[in-house]
Amino acid sequence: MPANAPPSSSRLTTSTLTGTRMKAGSSLKRDSLAAELERDPQLSTAKRLARKTTLNTHLSQSALDRELAALRSSHAALEAKLKDRDVQITRLEKDNEYLTSREAEEQEEREREVGEMQGRLENVEEELRNVRRLVAEVEGERDDALDERDALERAKEGTVADLQAQVDTMTGQVEHYQSELSECHAQAEANGRLVQSLREQVDTLTEERGRLVGSRNDDAGARVVREELARQTKYIRNLESKNLKLTSEVTSLRERMMSVEVLREEKRAMEKKLGQLDAMRARTVELEAQLEAAEKERKNWASKAAMDFVPAHDVLADLRLQHATLLEEHGVVSAQLNQRTIALQAAEQREFESKDSVADLKNQINALKQSVDRRNRAKAMDEREIGFLKALVASYKAEEFVSTSATSPIGASEHQSDPKDASRIEDLEATLAEYKAANKTLLAQLDTMEQNPIHTASSSRAAKDEELAKERAKKEKLQAELEAALADSSSLTTTVVTHTATIDSLEQQLFELSGEIAGGRHVPPNTRVLCFKDNPMQQYVDLRQEAMDKLKGENEALMQRLFEVEARLGARGPAAGGSGVGDGDGMDVEETMLVGSGSAGAELVPRKSWETEKEMRQKLEEELKQREKRILRLKEIFQSKSTEFRACVTSIFGVKLAFYPNGNVRVTSMYDLNATFVFQPLGSSKTSSDTANLQLVAQGELNPEDVTDLMGYWLGSEQCMPGFMAAMTLQCYETWKKGGGQGEVA
Amino acid sequence: MSKQAAKQAITLKGSSALVTEFFKYGINTILFQREVYPSDDFHMVKKYGQTVLVTQDLALENYLERVLSQVQKWLLERSVTQLVLAIISKETRTPLERWVFDIKLVEPAEGEAPAAQKPDTEIQSEIRAILKQIVSMVTYLPVIHEPTAFNILAYTSDSADIPAGEWVDTDPLAIEASKSQQVKMRSFSTDVHRIEAMVAYRYEE
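Residues numbered from 1 in each chain as written. Chains lettered and ligands numbered in written order. Predicted model: local features only at pLDDT ≥ 70, side-chain atom pairs only at ≥ 80, totals over all residues. Heavy atoms only, no water.

Participant: Which residues make up the overall build of chain B, and what values go with them?
Facilitator: Helices and strands together make up the secondary structure of chain B, namely four helices and eight strands. Starting at the N terminus, the α and β elements of chain B follow one another as α-α-β-β-α-β-β-α-β-β-β-β. Burial statistics for chain B: of 205 residues in total, 46% are counted as buried. With the model as given, the accessible surface of chain B reaches about 10,400 Å², and the carbon-plus-sulfur share is 50%. (Helix = DSSP H or I, 4+ residues; strand = E, 2+ residues; numbered from the N terminus. Buried < 20%, exposed > 50% of the residue type's maximum accessible area, 1.4 Å probe, protein only. Areas by Shrake-Rupley, 256 points an atom, 1.4 Å probe, with all protein chains shown as cover.)

This is how it looks when you write it as structure tokens:
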């Protein structure tokens, strides 16, 4: 069977499927086939196989055909669909083209419109400029017009004033004319009346003439009447001519009136001038008066001068005479003065000489006194010599007496020595005589010298003068030296002063320069000024800069936000402005963040600010965490330490301690849990210093008898808490030991 | 005898250390007296036979230590001539006071015998006098009403060895000549160095 298997398993599956589908429809065919199969099973098997394959192929072919047909139909349908699609695509393309063309048109149109609009805008701007220019011009014109108006108003006011004046004059004229008119009217009326009366006369005359004509009988009467008539007509003519003359006269008068007005004006002007002239005249008069007064004065002066001229000459002559006499007196006095001065000089000379002579006399007196002294001294010496010689003589006499009285062998020797003594005495006497002679000669010399004092004085004076001159020269030299030394010393003192001044100024300069250096304004050459890079000032500056940068960033973000909001408000107009700020469009989401859930707008903050705040908050939170952690750690340490401490106390003192937050301390013996005492610190404060003064406030379930004694002793009389506790511990320990050492020990 | 003298003689190193220490206490005193830092930041220590106030601010301590260690190095190299503590207004950044410490080397003149060794007690008394003078300066220096900061400037020679990146050239923070007044203060000297103090301050009428 595998050899007969179809090459494609898919085909087999298809055929089997179709076979099963065709089963119901081909039941009759199967019957004939079955008959054939029954007839020859050997052949039928092969045939059946062949037929089966043919049938399968047929079936598969038909299935394929059907499939093909189905595929074709589907293909056709798809093609139709494709065509529809194509049609649709073409339609859409057409639409697209149409739309693009429309769009292009619209674009063009829009561009055109934009161009037009721009053109129009330019035109409008141009117009605006023109209008502005026009406005400026109009304003200028308006200003001009205002100026003109002002000028006109001023002119108008002037003309109005002129016109008013004219009106006034006119009204005056009118009044004048009216008065003239009324006069004329009156005259006319008078003339009229005259005419009336004349008419009446004419009437009466005509009546009379009529009557006379009626009664023409009387020629004489008629002649009279004619004459009267002629006279009357003549009179009338005269009157008419007079009337004409008067009217002409009136007109001429009117004209003259006009000219009179002009003349009056002129007269007024002239009067005004006349007023000025009056002032001038007054001034002229004044000047003339002054001139006259001046002339008068001049004349007075001239006359006075003429009068004074003669006595002045006399006075001058007198004065000259006086001057001459005075000069003479002066000469006399000066001559006298000269004489006197000469006399004075002579007197002085005399005085000088007398002084010299006095000095000489004094010198002589002194010399005489000295000679007297010398004589006295010589006399005294002589007397002393005489005394000495007398004594010598007496001694000789005594010696002689002794020698004569005593005759002894000594006398031989004395006699031997006598020639020696005699020679000695002789020598002595000779020397004495020499001395005396010398003394005498000296005295004689002295006397001679005293006798020729002038000679000696002159010689000594010359010597003295020489000496004096020398001394003087020496003194002058010394003086000069002294002066030079003084000059030197003064120059030295000045130099010292200047040096001290320069030293002072230099010290001041040094101080100022050191101040310059200290003030940092001068850096010595070849010196670098350095500072540590990370110095406190720099740190502060950096910190401030950072804060400033942050603030700047925030500010910029805020400004940006503000501009955006303003721009959006402007774009949406006032109608949409109410809800504009809070609308969360893309830009808002990007640039701002919604914080909280209140009303919109107020809650929006710039991202930058938000970030800064967040950063700061994070920092603070971190710090808080660290602090908390630290506190926790400290608490733990404290806990462990306190536990350790309590354990230590328990093991050493045999009591367990429990501290309560209100400051109370509970003490329990480790040997008896019933032996519990609660202590309370004295006073309100719970500081550690007060724990020394604890007070027992409660006790556990102990046998009161056991405790009372101890309490009575330790707390009552001794007031020693530690002692009480120790005693309690001991007692509890005893009890615990008695009980077998079980239970309560912790 | 000579051994003892050699023992007493101060070396350059010892003098530099002494001067640096003086700078430390001097700067601390100025910072306290001129209220550049709050008074609570300072605590009292015993020094030079008197109580001196020294900062407890860790950052400031660190800064001073770093600055002064470098100054000590320069002192050893003999390349620093002046140390200036400038007090600056925080708001306007104008220098208000300049506390100047001139550093001079004491060298005996040619042919002159070296002077006798200066006893330590005398140096200390001189330093004490300067510190007291700094304290007393407060009485007549103008009162500062605004928050201030400070900076330390070192005037060094051109050839000085400068740690790159840590120290930078700076403006001398000068006070204008028309508004500057100065007071010369005491000085002290070791056998090697002579420190002359001076304060220049801004004075506006």
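Structure's up, so let's keep going.
Participant: Describe the overall build of chain A, listing the residues and the values that go with them.
Facilitator: Scanning chain A from terminus to terminus reveals 11 helices and seven strands. Per-residue burial for chain A yields a buried fraction of 12% across its 746 residues. At a minimum sequence separation of 6, the contacts of chain A that also span at least 24 residues come to 39%. (Contact = heavy atoms within 4.5 Å.)

Participant: Tell me about the interface of chain B and chain A, and please be specific about residues and values.
Facilitator: In this complex, chain B contributes 43 residues to the contact, which on the side of chain A involves 27 residues. Surface buried jointly by chain B and chain A totals about 3,100 Å² across both partners, of which 60% is contributed by carbon and sulfur atoms. Taken together, chain B and chain A are joined by two salt bridges. With its nearest N and O atoms 3.9 Å apart, the salt bridge here joins E91 of chain B to R544 of chain A. Linking chain B to chain A there are 14 residue pairs in polar contact (both at pLDDT 80 or more). (Buried area = accessible area lost by both parts, 1.4 Å probe. Salt bridge = Lys/Arg side-chain N within 4 Å of Asp/Glu carboxyl O. Polar contact = N/O pair within 3.5 Å; in protein donor to acceptor, adjacent residues only side chain to side chain.)

Participant: Can you tell me about the side chain of T668 of chain A, naming the residues and giving the values?
Facilitator: With respect to the element layout, T668 of chain A can be found in strand β5 (residues 665–669). Those residues within four positions of T668 of chain A in sequence are excluded, and the remaining contacts are G654, V655, K656, L673, A675 and T676 of chain A.

Participant: Explain the pairing of strand β1 (residues 42–47) of chain B to me, using residue names and the numbers behind them.
Facilitator: Moving residue by residue along a regular strand, the side chains alternate between the two faces of the sheet. Both β1 of chain B and strand β2 (residues 50–55) of chain B contribute to a ladder of six bridges, which runs antiparallel. What sits directly across from H43 of chain B, in β2 of chain B, is V54 of chain B. (Pairing = 2+ DSSP bridges.)

Participant: Can you lay out the pattern of salt bridges for me, pointing to particular residues and giving the numbers?
Facilitator: All names here are of chain A. With the rule as written, the count across this model stands at 29 salt bridges over all chains. A salt bridge links R617 to E621; the shortest N-O distance between them is 3.4 Å. In this pair, R617 and E621 both sit in helix α9 (residues 607–653), four residues apart, roughly one turn of the helix. Among the salt bridges present, the one from R627 reaches E623, with a minimum N-O distance of 3.6 Å.

Participant: Quick rundown of the sheet that holds strand β6 (residues 167–169) of chain B? Include the residues and the values.
Facilitator: Here seven strands make up an open sheet; going across it, the order is β6(B)-β1(A)-β5(B)-β3(B)-β4(B)-β8(B)-β7(B) and the pairing antiparallel. This sheet does not close on itself; its edge strands, each paired only once, are β6 and β7 (180–189) of chain B. Each neighbouring strand pair of the sheet contributes to a mean axis angle of 25 degrees, computed without reference to strand direction. Here nine bridges tie strand β4 (residues 95–105) of chain B to strand β8 (residues 193–202) of chain B, and the two strands are oriented antiparallel to one another. The residue of β8 of chain B that forms the bridge with W99 of chain B is V199 of chain B. Sheet strands in contact with helix α2 (residues 12–33) of chain B are β3 (80–89), β4, β5 (148–157), β7 and β8 of chain B, and its direction is about 20 degrees off that of β8 of chain B. Helix-sheet contacts for helix α4 (residues 120–137) of chain B involve β4, β7 and β8 of chain B, and the interaxial angle to β7 of chain B is about 160 degrees. (Axes fitted to C-alpha atoms, helices over the stretch in contact; angles between N-to-C directions.)

Participant: Can you break down the packing of aromatic side chains residue by residue, with the values?
Facilitator: For the coordinates displayed, the defined rule picks out 16 aromatic pairs over all chains. Residues F22 of chain B and F101 of chain B carry aromatic rings whose centres are separated by 5.7 Å and whose planes lie at 85 degrees to one another, so their mutual orientation is edge-to-face. Residue F22 of chain B is found in helix α2, and its partner F101 of chain B is found in strand β4; the two are separated by 79 residues along the sequence. What makes F101 of chain B buried here is its relative accessible area of 3%. Each ring, one from Y37 of chain B and one from F150 of chain B, has its centre 6.0 Å from the other, and the planes form 75 degrees; the classification is edge-to-face. In this pair, Y37 of chain B sits in the loop between α2 and β1 while F150 of chain B sits in strand β5, placing the two residues 113 residues apart along the sequence. Here Y37 of chain B and F150 of chain B have matching classes, each one buried. An aromatic cluster of at least three residues, connected via ring pairs, comprises F532 of chain A together with Y37, Y63, W74, F150 and W167 of chain B. (Phe/Tyr/Trp six-rings, centres within 6.5 Å; stacked < 30°, edge-to-face > 60°.)

Participant: Give a detailed account of helix α11 (residues 721–738) of chain A, specifying residues and quantitative values.
Facilitator: Given 3.6 residues per helical turn, the α-helix brings residues three or four places apart onto the same face. Residues and elements named next belong to chain A. Between the first and last C-alpha of α11 there are 26 Å, a value that for 18 residues agrees with the 26 Å anticipated at 1.5 Å per step. All of the buried residues along α11 are G723, F724, M725, A727, M728, T729, C732 and W736. Following α11 by one or two positions, G740 has its phi on the positive side, about 100 degrees. (Expected span 1.5 Å × (residues − 1).)

Participant: Describe a positive patch on the surface, naming the residues involved and giving the relevant values.
Facilitator: Residue and element names in this part refer to chain A. Among the surface-exposed residues, K625, K629, R630 and R633 lie close enough to one another that they form a single positively charged patch. Along the chain, the position of K625 falls in helix α9. For K625, a relative accessible area of 56% translates into the label exposed. (Patch = residues over 30% accessible without salt bridge, like charges linked within 9 Å, V, L, I, M, F, W, Y side chains within 5 Å. Lys, Arg positive; Asp, Glu negative; His and termini not counted. Charge placed at Lys NZ, Arg CZ, Asp CG, Glu CD.)

Participant: How would you sum up the nonpolar core? Please name residues and give values.
Facilitator: Residues F22, F23 and W99 of chain B are the most contacted members of the largest nonpolar core, which totals 51 residues. For F22 of chain B, the residues in contact, after removing those within four places along its chain, are Y48, F101, I127, I130, L131, F188 and I195 of chain B. F679, L710, M725 and W736 of chain A belong to the second-largest nonpolar core, a separate cluster that totals 18 residues. (Core = buried A, V, L, I, M, F, W, Y, C linked by side-chain atoms within 4.5 Å.)

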